[in-house]
Amino acid sequence: TERLGRELRGTIEELLQARRTVELQRAELERVTSTDALTGVASRGAILERLRIEVAEARRYRHPVAVVLIDIDHFGAINGGHGIDGGDAVLREVALRLRLRVRAADALGRFGSDGLLAILPHTDEAGAATFADALRRRIGQRPIVIGDLEISISVSGGVAVMRPGEELDVDGLLARAAEALASARS
């Protein structure tokens, strides 16, 4: 019986260790799928899920929520002139500069090949416009260094706001932001 007890304790310990390993693997998998590997911001899926939650809360509690679609201007030319690695370096640096600007309550994620999406809960048009302008200035104020090259870049931003009481869904809000981005670019 003593041997059986030891074996049982050993088996229980192995099972607990296996469970801890599975939990760690699950947490790592969750982190990997919710974070964009290149930029360190939320992945497209994760930022869209966050937007669904913020839109639902804004509707329910009748507060505004703003989104800003941010695109790097002439990104194709950067990739063409400096290669994919150069484009990746620019995207990483832009994401870093944006991450330094967003508040704790805001969310930032990768939205396209050269685009990012910022979600600003409890933010009206004026607040979102101020945020977008500050981002534009922060990105443009100093060039991005790639090896021994300095690349001056700029970004365009499309701002959209869902006002309290407005019945807008995620797609409608993103469509507004895309329209505003197209307008900003032209």
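The coordinates are above.
What counts and how
- Residues numbered from 1 in each chain as written.
- Predicted model: local features only at pLDDT ≥ 70, side-chain atom pairs only at ≥ 80, totals over all residues.
- Heavy atoms only, no water.
- Buried < 20%, exposed > 50% of the residue type's maximum accessible area, 1.4 Å probe, protein only.
- Helix = DSSP H or I, 4+ residues; strand = E, 2+ residues; numbered from the N terminus.
- Pairing = 2+ DSSP bridges.
- Salt bridge = Lys/Arg side-chain N within 4 Å of Asp/Glu carboxyl O.

Trainee: Can you explain the pairing of strand β3 (residues 115-121)? Please cite residues and give values.
Mentor: With seven of its seven residues buried, β3 lies for the most part within the structure. On β3, burial covers both faces: Gly115, Leu117, Ile119 and Pro121 on one face and Leu116, Ala118 and Leu120 on the other are all buried. Looking at chain direction, strand β1 (residues 65-72) and β3 are connected through seven bridges and run antiparallel. Note on β3: the bridge partner recorded for Val67 is Ile119. Counting the residues between successive antiparallel strands, the hairpin from strand β2 (residues 107-110) to β3 contains four residues.

Trainee: Quick one: what's the story with the environment of Leu96, residue by residue and with numbers?
Mentor: Residue placement: Leu96 occurs in helix α3 (residues 75-99). Of the residues examined, Leu96 reaches a relative accessible area of 36% and is grouped as partly exposed. Each C-alpha atom of the pair Leu96 and Gln25 lies 27 Å from the other, and the pair is 71 residues apart in sequence.

Trainee: Before we move on, can you summarise the pattern of salt bridges with the specific residues and values?
Mentor: Applying the stated criterion to the full structure yields 18 salt bridges. Arg59 is paired through a salt bridge with Glu167; the nearest N and O atoms lie 3.4 Å apart. Taken together, the positions of Arg59 in helix α2 (residues 44-61) and Glu167 in the loop between β6 (155-162) and α5 (170-185) put the pair 108 residues apart, joining distant regions of the chain. Taking relative accessible area as the criterion, Arg59 reaches 32% and is therefore assigned partly exposed. Given a relative accessible area of 67%, Glu167 falls into the exposed group. Members of the salt-bridge network, linked through shared partners, are Glu125, Arg163, Glu166 and Arg176.

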